[in-house]
Amino acid sequence: MREDILHKAGDLFLEYGFKSVTMDHLAQELGVSKKTIYEYFKNKSELVEQVAYFIRDKIHAEIDLVQLKNLDPIEEMIEIKRVVMKRLKNEKTSPQFQFQKYYPKIYAKMRDSQVCKMEECIGKNIERGVKENYYRQDIHKVFTCRIYIAGMLNLKDEELFKDSQLSPKELYEQFLKYHLRSITDTKGYKRLLELEKKLQE
């Protein structure tokens, strides 16, 4: 039941926002009483924190599986994008805004965890991409990794992108294109075009 609650709450939070979803709404969606939810979570803040960990752990586990596939660095980045985009909705507004505004301490912990994972994952990807001649030899690896992380974190800034007319998914698509096109060498750019064409078929 605890995992059922986490799963359903995660879906609702990502769909409607962390503040908008009430415990009554969650109980109704689950077909249980609020008392049942409170048997597992003492309050909504605890539920939000545990849902955040739950979603984070699932994303990290799926990213780990992508890295085990031994894909080329370009395809690996596109597969990681798919993992993340499964959790993004097409709406112009993001649940991250409510998460950050109403649960800042939990958000800060999740952000730190996300940065650590991205630094590990993207750092390895860049290292391998340069070694295998997919990425330019002259890029500064640490700088490139940190710029990617900064970009990913700022994609969640609704104020910054309010005039872009792009959904969270579209923003991520555009950002990844920008990142890869800026660091690929001839071999990598050719591979990127092949994969983009394949995705359009």
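Residues numbered from 1 in each chain as written. Predicted model: local features only at pLDDT ≥ 70, side-chain atom pairs only at ≥ 80, totals over all residues. Heavy atoms only, no water.

Per an unreviewed UniProt entry, the protein chain is named TetR family transcriptional regulator, and its organism is Psychroflexus longus.

(A) Seen up close, the state of the cysteines. With the rule as written, the count across this model stands at zero disulfides. Here cysteine 116 stays free of any disulfide, with the sulfur of cysteine 145 as its closest cysteine sulfur at 11 Å. When its relative accessible area of 53% is taken as the criterion, cysteine 116 is described as exposed. Cysteine 121 supplies the cysteine sulfur nearest to cysteine 145, a cysteine that is in no disulfide, at a spacing of 8.9 Å. A relative accessible area of 4% means that cysteine 145 is categorised as buried. (Disulfide = S-S within 2.5 Å. Buried < 20%, exposed > 50% of the residue type's maximum accessible area, 1.4 Å probe, protein only.)

(B) Looking closely at the confidence of the model for the protein chain. Of all residues in the protein chain, 97% have pLDDT values of 70 or greater, and the mean over the chain is 92. Taken element by element, the protein chain is modelled with least confidence in helix α6 (residues 95-102), mean pLDDT 84, and with most confidence in helix α3 (residues 34-40), mean pLDDT 97. (pLDDT = per-residue confidence, 0-100. Helix = DSSP H or I, 4+ residues; strand = E, 2+ residues; numbered from the N terminus.)

(C) Structural detail: the side chain of threonine 184. With respect to the secondary-structure elements, threonine 184 resides in the loop between α9 (168-183) and α10 (186-200). Assessed through its relative accessible area of 10%, threonine 184 is described here as buried. Among the polar contacts made by the side chain of threonine 184, one reaches the main-chain carbonyl oxygen of leucine 180 at a distance of 3.0 Å. Those residues in contact with threonine 184, other than ones at most four positions away along the chain, are Ile74, Tyr134, Tyr135, Arg136 and Tyr189. (Polar contact = N/O pair within 3.5 Å; in protein donor to acceptor, adjacent residues only side chain to side chain. Contact = heavy atoms within 4.5 Å.)

(D) Examining the UniProt feature "DNA-binding region" (unreviewed entry) in the protein chain more closely. Within the UniProt annotation, "DNA-binding region" (unreviewed entry) is assigned to residues 22-41. Between the first and last C-alpha atoms of residues 22-41 the distance is 14 Å; the span itself is 75% helix and 0% strand. (UniProt positions renumbered as here; feature names shortened; annotations may be inferred.)

(E) Inspection of the nonpolar core at higher detail. Judged by nonpolar contacts, the single largest core of 57 residues is most densely connected at Leu47, Phe99, Tyr135 and Tyr148. Elements with a minimum of two residues in this core: α1 (2-16), α2 (23-30), α4 (44-68), α5 (73-85), α7 (104-131), α8 (141-154), α9 and α10. Ranked by residues supplied to this core, first place goes to α4 with nine residues. Excluding residues that lie within four positions of it along the chain, tyrosine 148 makes contacts with Met77, Met118, Ile122, Tyr172, Phe175, Leu176 and His179. (Core = buried A, V, L, I, M, F, W, Y, C linked by side-chain atoms within 4.5 Å.)

(F) Structural view of the packing of aromatic side chains. This structure, assessed with the given rule, holds four aromatic pairs. When the ring of phenylalanine 18 is compared with that of phenylalanine 99, the centres are 4.5 Å apart and the planes differ by 20°; the resulting orientation is stacked. Of the two residues, phenylalanine 18 is situated in the loop between α1 and α2 and phenylalanine 99 in helix α6; the sequence distance between them amounts to 81 residues. Considering the side-chain rings of phenylalanine 99 and tyrosine 107, the 5.5 Å spacing of their centres and the 80° angle between planes classify their relative orientation as edge-to-face. Residue classification places phenylalanine 99 among the buried residues on the basis of a relative accessible area of 5%. Among the aromatic residues, ring-to-ring pairing joins Phe13, Phe18, Phe99 and Tyr107 into one connected group. The ring of tyrosine 102 has lysine 19 sitting right over it, with the charged end atom 5.0 Å from the ring centre. One Lys or Arg, lysine 187, reaches over the ring of tyrosine 134 and ends 4.3 Å from the middle of that ring. (Phe/Tyr/Trp six-rings, centres within 6.5 Å; stacked < 30°, edge-to-face > 60°. Lys NZ or Arg CZ within 6 Å of the ring centre and 35° of its normal.)

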